[in-house]
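Residue-level structural notes
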Amino acid sequence: VKDGFLKDVLEGLSGSPKSLPSKYFYDAEGSRLFEAITALPEYYPTRTETALLQRIAPELSAHIPDGATLVEFGSGASVKTRLVLDAAPQIARYVPIDISRTALAEAAEALRRDYPALTIQPLVGDFTQALQLPRSPGEGPRIGFFPGSTLGNFGPRQSERLLTDARALLGDGSRFFVGIDLVKDEATLVAAYDDAAGVTAAFNRNVLVRVRRELAAEVDPDAFDHRAVWNAAERRIEMHLAARIDLVIHVEGRRFEMKAGETIHTENSRKFDLDDFAAEAGAGGWRVETAWREADPAYALVLLAA
Ligand code: TRP
């Protein structure tokens with residue numbers, strides 16, 4: 001992991017504009033901060049998606065075959081998973097995939113306690129890389145679960161690739177249940193990524209805290225301001241870390257100069273409308289079986305069929 005991290009950081013800081021891959025947000029501290037974000041008053045997606053899921057779970061259950069395997073992409077604390085498992089006791093097996101080993105271990109332990117009949121096979125890994133699912137004798141069809149509008153953190157081409165890979169991983173007869181945040185007014189969108197308490201700012205800076213600690217880099221995370229901006233042309237919220245002053249970052253004998261105001265681009269969160277999403281899913285080998293929509297704040301849960 002360290003080599004991949006170093007390579008990605010050197011590459012990102014060498015670029016113009018500078019950037020860092022967002023997957024490095026999620027170490028143990030980052031995962032904890034992200035859980036705190038999901039409880040913020042400004043961060044509507046989690047609350048909205050959870051309420052929508054709660055409401056439609058019985059309908060969703062009618063689309064899930066007996067003995068199915070639920071495969072979750074980026075499972076974190078597996079909170080929403082419980083709503084699916086409670087409504088669909090016919091699910092026999094759960095494969096949570098997450099990059100954070102600690103988050104995965106804690107979630108699996110809690111689920112084992114509460115769902116003793118469920119077979120749980122956690123998979124530590126980056127779900128954007130080629131993965132092999134653990135096989136089980138007589139296993140049923142697979143249902144992918146990708147909530148949280150995490151798909152929006154990938155660009156259109158990466159997203160199409162991810163959908164194509166998920167189609168291959170999940171196999172024939174599978175479904176893919178995806179949460180997507182929808183386009184809405186700019187003020188609501190920006191506030192969700194720039195909360196008053198500064199939790200999202202701490203989450204954003206945490207990537208530099210990791211760079212400093214894990215790569216023995218010389219960088220002061222507190223010398224950066226958190227910025228969240230709506231890019232209307234690309235239909236995405238962008239997150240940046242803006243240098244407050246002229247400064248230098250040292251990593252492995254390399255130096256990266258930054259002017260005051262220059263930014264490191266750390267994340268994108270695309271916002272969809274349903275037609276665009278259906279087209280993107282189609283390009284990845286999926287068709288929309290059912291879409292459930294919340295009106296305000298606008299959000300959708302979409303069940304795709306292979
Ligand atoms: N999938 C989440 C989103 O795009 C991830 C996220 C929420 C996030 N808040 C964030 C990522 C803040 C980076 C910073 O909404």
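Residues numbered from 1 in each chain as written. Predicted model: local features only at pLDDT ≥ 70, side-chain atom pairs only at ≥ 80, totals over all residues. Heavy atoms only, no water.

1. Here we look at helix H9 (residues 274-283)
Looking only at H9, the buried set comprises Phe277, Glu280 and Ala281. Across the axial projection of H9, the buried residues extend over an arc of 100°, all falling on one side. Exposed side chains of H9 directed beyond 90 degrees from the buried face belong to Asp275 and Ala279. The inward-facing, buried residues of H9 contact helix H6 (156-170), strand S7 (175-181), strand S12 (263-270) and strand S14 (299-305). Backbone geometry just downstream of H9 places Gly285 in the positive-phi region, at approximately 95°. (Buried < 20%, exposed > 50% of the residue type's maximum accessible area, 1.4 Å probe, protein only. Helix = DSSP H or I, 4+ residues; strand = E, 2+ residues; numbered from the N terminus. Arc of directions from axis to C-beta. Contact = heavy atoms within 4.5 Å.)

2. Here we look at the side chain of Ser75
Relative to the helices and strands, Ser75 resides in the loop between strand S2 (69-73) and helix H4 (79-87). Accessibility expressed as a relative area gives 6% for Ser75, which makes it buried. Ignoring anything within four residues of it in the chain, the contact list for Ser75 reads Tyr94, Pro96, Ile97, Asp98 and Leu104.

3. Topic: the site of the ligand
Around the ligand lies a shell of 15 residues, among which Tyr43, Asn153, Tyr193, Met239 and Ser269 are the nearest. At 2.8 Å from a nitrogen atom of the ligand is found a side-chain nitrogen or oxygen belonging to Asn153. Between Tyr193 and the ligand, the recorded distance is 2.4 Å, taken from a side-chain N or O atom to an oxygen atom. Out of a free accessible area of 350 Å², the ligand has 98% covered by protein chains. (Near = heavy atom within 4 Å. Polar contact = N/O pair within 3.5 Å; in protein donor to acceptor, adjacent residues only side chain to side chain. Areas by Shrake-Rupley, 256 points an atom, 1.4 Å probe, with all protein chains shown as cover.)

4. Quick notes on the packing of H6 against H9
At a minimum axis distance of 8 Å, the contact between H6 and H9 shows a crossing angle of 55°. The pairing of H6 with H9 is recorded here as oblique in orientation. Handedness of the H6/H9 crossing: right-handed. Every residue of H9 that contacts H6 at Pro156, Ser159, Glu160, Leu163 and Thr164 is listed here: Glu280, Ala281 and Ala283. For the contact of H6 with H9, the residue count by class is four nonpolar, two polar and two charged. (Axes fitted to C-alpha atoms, helices over the stretch in contact; angles between N-to-C directions. Parallel < 35°, antiparallel > 145°, perpendicular 65-115°, else oblique. Left-handed = near helix turned anticlockwise from the far one by under 90°. Nonpolar A, V, L, I, M, F, W, Y, C, P; charged D, E, K, R; others polar.)

5. Topic: the pairing of S7
With seven of seven residues buried, S7 is to be regarded as a mostly interior element. Burial along S7 is two-sided: the face carrying Arg175, Phe177, Gly179 and Asp181 and the face carrying Phe176, Val178 and Ile180 are both buried. Relative to S7, strand S6 (residues 142-146) runs parallel, the two sharing four bridges. What sits directly across from Gly144, in S7, is Phe176. Viewed along the sheet, the connection from S6 through H6 into S7 turns out right-handed. Where S7 and S14 come together, seven bridges link them in antiparallel fashion. Considered in S14, the bridge of Ile180 is made with Ala300. (Pairing = 2+ DSSP bridges. Right-handed = clockwise from strand over helix to strand, strands pointing away.)

6. Looking at the packing of helix H3 (residues 44-61) against H4
Viewed as axis vectors pointing N to C, H3 and H4 meet at an angle of 15°, and their least axial separation amounts to 9 Å. Judged by the angle between their axes, H3 and H4 are roughly parallel. The crossing of H3 and H4 is right-handed. Counting all contacts with H3, which are made through Thr46, Glu49, Thr50, Leu53, Gln54, Ala57, Pro58, Leu60 and Ser61, the residues of H4 involved are Lys80, Leu83, Val84 and Ala87.

7. A closer look at the environment of Ile56
For Ile56, the position within the fold is in helix H3. For Ile56 and Asp86, which are 30 residues apart along the polypeptide, the C-alpha to C-alpha distance reads 12 Å. Among all residues touching Ile56, those that are not within four sequence positions of it are Phe177, Trp292 and Leu301.

8. Quick notes on H4
For H4, the full list of buried residues reads Lys80, Thr81, Leu83, Val84 and Leu85. Considering only its buried residues, H4 is in contact with H3, S2, strand S3 (93-98), helix H5 (101-114) and S6.

9. A few points about the nonpolar core
Leu13, Leu208, Phe224, Ile249, Val251 and Ile264 are the most contacted members of the largest nonpolar core, which has 38 residues in total. At the level of secondary structure, the elements contributing two or more residues to this core comprise helix H1 (2-14), helix H2 (28-38), helix H7 (186-192), helix H8 (199-214), strand S8 (224-231), strand S9 (236-243), strand S10 (247-251) and strand S11 (254-258). What Leu13 contacts, discounting residues up to four positions off in sequence, is Lys18, Ser19, Leu20, Ile249, Val251, Phe256 and Ile264. Residues Val71, Leu123, Leu169 and Phe176 belong to the second largest nonpolar core, which totals 27 residues. (Core = buried A, V, L, I, M, F, W, Y, C linked by side-chain atoms within 4.5 Å.)

10. Let's talk about the packing of aromatic side chains
Under the criterion given, the structure shown has 18 aromatic pairs. A ring pair is formed by Phe34 and Phe203, whose centres lie 5.9 Å apart and whose planes are at 45°; its orientation type is tilted. Placement of Phe34 in helix H2 and of Phe203 in helix H8 is noted, with a sequence separation of 169 residues between them. Each member of the aromatic cluster is reached from another via a ring pair, and the members are Phe25, Tyr26, Phe34, Tyr43, Tyr193 and Phe203. The side chain of Arg210 reaches across the aromatic face of Phe5, ending 5.1 Å from its centre. (Phe/Tyr/Trp six-rings, centres within 6.5 Å; stacked < 30°, edge-to-face > 60°. Lys NZ or Arg CZ within 6 Å of the ring centre and 35° of its normal.)

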